[in-house]
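Examining the three-dimensional arrangement
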There are 2 protein chains.
Amino acid sequence: MNKPARKSRSGARRSVTIKDVARYAGVSPMTVSRVVNGGQYVSDATRQTVMQAVRQLGYSPNLAARNLASARGERMGLLYGNPSASYLSEFLVGALDAATRHGVQLVLEKCEMTPAASRRAVRRLVAGGVVGVVLPPPLCESAVIRAELQAARMRIVAVAAARPPADVMCVSIDDFAAAREMTRYLLALGHTRLGFIKGHPNQTASEERWRGFTAAVQEHGNLPTPRVEQGFFTFRSGLDAARKLLSGAPLPSAIFASNDDMAAAVMAEAHRRALEVPNDLTVVGFDDSLIAANIWPGLTTIHQPIAQMAGEAVDLLVASVRGGKRGAAAEPVHRLVAHELITRESAARPKSAAA
Amino acid sequence: MNKPARKSRSGARRSVTIKDVARYAGVSPMTVSRVVNGGQYVSDATRQTVMQAVRQLGYSPNLAARNLASARGERMGLLYGNPSASYLSEFLVGALDAATRHGVQLVLEKCEMTPAASRRAVRRLVAGGVVGVVLPPPLCESAVIRAELQAARMRIVAVAAARPPADVMCVSIDDFAAAREMTRYLLALGHTRLGFIKGHPNQTASEERWRGFTAAVQEHGNLPTPRVEQGFFTFRSGLDAARKLLSGAPLPSAIFASNDDMAAAVMAEAHRRALEVPNDLTVVGFDDSLIAANIWPGLTTIHQPIAQMAGEAVDLLVASVRGGKRGAAAEPVHRLVAHELITRESAARPKSAAA
DNA sequence: CCGGGGGATGGTAGCGATACCAATCTAGGG
DNA sequence: CCCTAGATTGGTATCGCTACCATCCCCCGG
């Protein structure tokens, strides 16, 4: 009936369990559990004692056991296409942090934007026991993927989809307001001949940014028509757009690219044409991606709190999965987070204004 | 004595468990477990039957339960400083993938390179129940952090430390060979006046790359002494170094920067001086980081399989923690992975050679 | 003075899987 | 033909924690 010293399995030092804490604090394991989980129905005195014991023994609950007992421990998926690596990096940090906080596992899955690839990816996710998926851009815009996912009865949180369908949860910044703010900033500097490079047309954020730009232009009034080129968020497409923008007769004095990669391309092209940034040309971007600070001059741009957004997305997912388990699916939440205009060296007053 | 329909907890559809499979296949749960875990001592016939049942029922083992029962589910830490975001991104993907494969949790922790910050970070890791840590660069070079970690009895795997101490596990590429290869490539193109920008002196990889460079130069023999500048892996430091390299009288015809960020800086500076890359100046980097393909012209550089390295690091860690549990700590493993020279547009034959 | 409501706590029974050992069966060696 | 070794399989006891229910206690209204 006695057990000599445990089966010698984990031979070394077993970690401290809830029972140890309970014994140490002179209460039952249940009470410890309640304290640790912030349950109600625990007297303050007891709570203090237990917390003391917890600290004393350095107790940290065993996630596996907790998950098992509470039928938690769902796996969440993170389906990514090919956002820029720096975006993904920050995104992962935020998502993983939140996942750890909630004790859920995060499963990464890469996926091209073709229907076949989507289907395969979703199948892998399902096979992996994933119950909810975070969709960073640009995947969050793909109707195919969303349909595929919804067919598999997954919960979805889209991140940075500017105008998500009403039936999916979403975390994003206000692209419209951000672009308007940036444009107002350019106008406030005194620029009048503006150039704009649109983002990829398959992302709603592109359109919001464009709308924000035009809104600011219109509210200012009395400006020459801005020159606009279509881009696709890639460096390459930015280069093409820049070439066109910088060849017409009245050169723009400021170019607003819908993301940083394209803005970097504009700067490269400007250099090639011996235009100095920001003296001859102001260039601003959007996203505050890694490259923004790693080129010279540093890029004035809009900062998105990517990690935070990813974290909130996971929060939402977890809440939805846990909350929705019993009752009906909760109303899809759309959450906005704050952006920030970062000024670096690539924007200045136009020469003509100074002259 | 009967239980009506389970306590109604997970109200919805319970997922299929090992018992369901066992019943379906007409064997005991134990046998199923053995099959699923690739154990020995199972007849082929039984194995077939069970696998069939597994597929039929779409069974996927419950990680939480498995971890609990096998005293697994350790948490692994990933302590990162500030490597470039793209590096971190790929690193995370690889590490997380491996972690999921092994059913361990990955805990991220950020940490500055000061002793105080290190201590704090390690304390947090310990508090989080982490038993092993992956150390990407540049943290893998910090003796302070290593000491701190070892004091907390953590297993460590350093990644991309070119010359790690003998007592820690390590995954890296052969920086020496890679740099030599790149240098040979430049020499083969016909370059003779070489410039080199060293990496941060606190990283052993820097020195290996430098050694690789000089080795190639010496084996070629009969060359003017290369011009060398000290850099620190940052764009900024690359700019400073480039300025010096490009101001002396006999301009180098090719510059080998110890990483891509610095190479990008060289290109920026070259542009500013109206030197065309690669016609007037060949520039090559190291790392194949995101920026390498996102500037124009694309950067010829050395590719490291970062995700794979991160994955192997986690593998090593898991193996060490699980294997070393009973016996003595295994011999520290040093694992080399293959690099690759990526040629893009930034390198060409020197003009003088063509002339 | 008693019954009852609700706060605070303890007891019990698993969650789904594996570790260990016992039981059974098969094949050879002596 | 018996006996041991090894292959194959099943049974049992947890792993550490939490859900649910049963207590227990204190305070109040009737």
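Above: the structure in question.
Residues numbered from 1 in each chain as written. Chains lettered and ligands numbered in written order. Predicted model: local features only at pLDDT ≥ 70, side-chain atom pairs only at ≥ 80, totals over all residues. Heavy atoms only, no water.

1. Re the packing of aromatic side chains
Considering all chains together, one arrives at ten aromatic pairs over all chains under this definition. Chaining the aromatic ring pairs together yields one cluster made of Phe196, Trp210, Phe213 and Phe256 of chain A. The aromatic ring of Trp210 of chain B is capped on one face by Lys198 of chain B, whose charged end is 4.8 Å from the ring centroid. Directly above the aromatic system of Phe286 of chain B lies the positively charged group of Arg209 of chain B, at a separation of 3.7 Å from the ring centroid. (Phe/Tyr/Trp six-rings, centres within 6.5 Å; stacked < 30°, edge-to-face > 60°. Lys NZ or Arg CZ within 6 Å of the ring centre and 35° of its normal.)

2. Notes on the sheet that holds strand β1 (residues 75-80) of chain A
Residues and elements named next belong to chain A. The strand order across the open sheet built from six strands is β2-β1-β3-β4-β5-β11, with neighbouring strands paired in parallel fashion. In this open sheet, the two edge strands, each paired with only one partner strand, are β2 (105-110) and β11 (334-337). Taken pair by pair, the neighbouring strands of this sheet meet at an average axis angle of 20 degrees, ignoring direction. Of the strand pairs in this sheet, strand β5 (residues 169-173) and β11 are connected by four bridges, and their pairing is parallel. Across the sheet, the residue bridging to Cys170 is His334, located in β11. Strands β1, β2 and β3 (130-135) of the sheet are contacted by helix α6 (residues 115-127), whose axis makes an angle of about 160 degrees with β2. (Pairing = 2+ DSSP bridges. Helix = DSSP H or I, 4+ residues; strand = E, 2+ residues; numbered from the N terminus. Axes fitted to C-alpha atoms, helices over the stretch in contact; angles between N-to-C directions. Contact = heavy atoms within 4.5 Å.)

3. Points about the protein's contact with DNA strand D
Around DNA strand D lies a shell of 27 residues, among which Ile18, Ser33 and Tyr59 of chain A together with Thr31 and Thr46 of chain B are the nearest. Asn62 of chain A has a polar backbone atom sitting 3.1 Å from a phosphate oxygen of DNA strand D. Within the side chain of Thr46 of chain B, an N or O atom sits 2.5 Å from a phosphate oxygen of DNA strand D. Listed by contribution, the elements that provide at least two residues to the surface near DNA strand D are α2 (29-36) and α4 (63-69) of chain A together with α2 (29-36) and α4 (63-69) of chain B. Its residues placed into classes, the surface near DNA strand D shows twelve nonpolar, nine polar and six charged. (Near = heavy atom within 4 Å. Polar contact = N/O pair within 3.5 Å; in protein donor to acceptor, adjacent residues only side chain to side chain. Nonpolar A, V, L, I, M, F, W, Y, C, P; charged D, E, K, R; others polar.)

4. Some points on the side chain of Asp288 of chain A
All names here are of chain A. Looking at where Asp288 falls in the secondary structure, it is placed in the loop between β9 (282-284) and α12 (290-293). On the basis of relative accessible area, Asp288 is assigned to the buried category, the value being 14%. There is a polar contact of 2.7 Å between the side chain of Asp288 and the side chain of His303. Among residues more than four places away in sequence, those in contact with Asp288 are Asp260, Thr301, Ile302, His303, Ile342 and Arg344. (Buried < 20%, exposed > 50% of the residue type's maximum accessible area, 1.4 Å probe, protein only.)

5. Here we look at the relation of the copies chain B and chain A
If you rotate chain B by 180 degrees and push it 0.0 Å along the axis, it lands on chain A with an RMSD of 0.2 Å. The relationship between the two copies is best expressed as a two-fold rotation axis. Of every C-alpha in chain B, the one belonging to Ser89 of chain B sits nearest the axis of rotation, 1.8 Å from it. A share of 100% of the interface residues of chain B reappears at the interface of chain A, consistent with the copies meeting face to face through the same patch. (Least-squares fit on C-alpha atoms with pLDDT ≥ 70 in both.)

6. What to know about the nonpolar core
Leu106 and Phe256 of chain A together with Leu106 and Phe256 of chain B are the most contacted members of the largest nonpolar core, which totals 100 residues. Not counting residues up to four positions away in its chain, the partners in contact with Leu106 of chain B are Leu96 and Thr100 of chain A together with Met76, Leu78, Ala95, Leu96 and Ala99 of chain B. (Core = buried A, V, L, I, M, F, W, Y, C linked by side-chain atoms within 4.5 Å.)

7. Details of the environment of Leu317 of chain B
Among the secondary structure elements, Leu317 of chain B is positioned in helix α13 (residues 306-323). For Leu317 of chain B and Ala99 of chain B, which are 218 residues apart along the polypeptide, the C-alpha to C-alpha distance reads 10.0 Å.

8. A look at the pairing of strand β8 (residues 254-257) of chain A
Residues and elements named next belong to chain A. On β8, burial covers both faces: Ala254 and Phe256 on one face and Ile255 and Ala257 on the other are all buried. In the sheet, strand β6 (residues 194-198) pairs with β8 via four bridges, with the strands oriented parallel. Across the sheet, residue Ile197 finds its bridge partner in β8, namely Ala257. Here three bridges tie β8 to β9, and the two strands are oriented parallel to one another. Pairing of Ala254 across the sheet is with Thr282, part of β9. Where the polypeptide runs from β8 across helix α11 (residues 260-272) and back to β9, its parallel neighbour, the crossover connection is right-handed. (Right-handed = clockwise from strand over helix to strand, strands pointing away.)

9. Here we look at the sheet that holds β8 of chain A
Residue and element names in this part refer to chain A. Strands sit in the order β7-β6-β8-β9 across an open sheet of four strands; the sheet is parallel. The open sheet has two edge strands with one neighbour each: β7 (227-230) and β9. Strand-to-strand twist of the sheet, defined as the mean angle between neighbouring strand axes without regard to direction, takes the value 15 degrees. The sheet strands contacting helix α10 (residues 235-245) are β6, β7 and β8, and the helix crosses β7 at an angle near 155 degrees.

Geometry only, nothing functional implied.
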